[in-house]
Amino acid sequence: MRKINEIFYSLQGEGYHTGTPAVFVRFSGCNLKCSFCDTQHEAGRSMTDEEIVEEVKKYPARMVILTGGEPGLWIDSDLVDALHAAGKYVSIETNGTCRLPAGIDWVTCSPKEGAAVKLERMDEVKVVYTGQDVSRYLSLPAQHYFLQPCSCRNTEEVIAYLLQHPQWRLSLQTHKLLQIP
């Protein structure tokens, strides 16, 4: 059983796959307590892998995004394999503090201040920028590096930083700008 906060269909609003239709499987619970987190960690219901996959299959998108909370606390190769068997492309958004099962198609690591990243593989790094030193995250083994304003509050500060540090790209929370889930 896995504690699921919600499963919903929308467009990916952040990072490399912005604008891509996706089914979001949002897990409850996290091992970090970020002040800007938008997940209600207490909410949720226990679901089996079969129930999760059946809900995901209701939507036409191939991409499934495992998010949270921290999905790394909840997932294993059985769930990843079940989603693949349903024809889905499995992506995860993780803080990077948990080891992940093999077979995930796309790994987005969103490292948090003071938390050790344990991932050996990631496709993109997406840092919520609050003025912290982010230079060390460029050493993480990813192909793409994004800085994201914190809830759209410090966009000008992020743009100024990006113009001085062009190794980074801008990630806006377009789903919030468009007022979609």
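To keep things clear, this report deals only with the structure shown in the data block. (Residues numbered from 1 in each chain as written. Predicted model: local features only at pLDDT ≥ 70, side-chain atom pairs only at ≥ 80, totals over all residues. Heavy atoms only, no water.)

1. What about the overall build of the protein?
If you tally the helices and strands in the protein, you get four helices and nine strands. For the protein, the succession of helices and strands along the chain, N to C, is β-β-β-α-β-α-β-β-β-β-α-β-α. Over its C-alpha trace the protein gives a radius of gyration of 16 Å, about what one expects of a compact globule, namely 16 Å for 181 residues. When its C-alpha atoms are laid out on the principal axes, the protein stretches across 50 × 35 × 30 Å. Across the protein, the fraction of contacts at a sequence separation of at least 24, relative to all contacts at a separation of at least 6, is 52%. (Helix = DSSP H or I, 4+ residues; strand = E, 2+ residues; numbered from the N terminus. Rg over C-alpha atoms; globule rule 2.2 N^0.38 Å. Contact = heavy atoms within 4.5 Å.)

2. Notes on the layout of surface pockets
There is about 170 Å³ of room inside the second largest pocket. As for the second largest pocket, its lining consists of R99, L100, P101, A102, I104, V107, K118, L119, E120 and R121. A per-class count over the lining of the second largest pocket returns six nonpolar, no polar and four charged. (1 Å grid on protein atoms, 1.4 Å probe; cavity = no way out; pocket = protein on both sides within 12 Å on 5 of 7 lines; lining within 4 Å. Points joined across faces, edges and corners; volume = space filled by probe spheres on them. Nonpolar A, V, L, I, M, F, W, Y, C, P; charged D, E, K, R; others polar.)

3. Digging into the packing of aromatic side chains
Using the criterion set out here, one finds five aromatic pairs in the structure. Consider the rings of F8 and F24, whose centres lie 4.9 Å apart with planes at 5°: the pair is stacked. In this pair, F8 is assigned in strand β1 (residues 2-11) and F24 in strand β2 (residues 21-27), connecting sequence segments 16 residues apart. Of the two residues examined, F8 and F24, each falls in the buried class. (Phe/Tyr/Trp six-rings, centres within 6.5 Å; stacked < 30°, edge-to-face > 60°. Buried < 20%, exposed > 50% of the residue type's maximum accessible area, 1.4 Å probe, protein only.)

4. Concerning the side chain of T97
In this structure, T97 sits in the loop between β5 (89-94) and β6 (106-109). On the basis of relative accessible area, T97 is assigned to the buried category, the value being 10%. Those residues in contact with T97 that lie beyond four places of it in its chain are N31, L32, A115, A116 and K118.

5. As for the nonpolar core
The biggest cluster of nonpolar side chains holds 36 residues, and the ones touching the most others in it are V25, L66, L147 and W168. Those residues in contact with L147 that lie beyond four places of it in its chain are V127, Y129, V134, V158, Y161, L162, W168, R169, L170 and S171. With five residues, the next largest nonpolar core counts F8, F24, M63 and I65 among its residues. (Core = buried A, V, L, I, M, F, W, Y, C linked by side-chain atoms within 4.5 Å.)

6. As for empty space enclosed by the protein
On inspection of all chains with the given rule, the structure shows one cavity of 30 Å³ or more. Approximately 30 Å³ is the volume attributed to the largest cavity. If you trace the largest cavity, you find it lined by Q12, E14, Y16, H17, I65, S91, E93, W106, T108 and E124. Of the residues that constitute the lining of the largest cavity, the class distribution is three nonpolar, four polar and three charged.

7. A short note on the environment of P101
Within the secondary structure layout, P101 lies in the loop between β5 and β6. Exposure remark for P101: the relative accessible area of 18% places this residue in the buried category. Remark: the alpha-carbon pair of P101 and D78, spanning 23 residues in sequence, is separated by 9.1 Å.

8. Here we look at the state of the cysteines
The final tally for this structure, using the stated rule, is zero disulfides. Not engaged in a disulfide, the cysteine C98 finds its nearest cysteine sulfur in C30; these two sulfurs lie 8.1 Å apart. A relative accessible area of 11% places C98 in the buried class. Note on C109: no disulfide assigned, nearest cysteine sulfur contributed by C98 at a separation of 11 Å. (Disulfide = S-S within 2.5 Å.)

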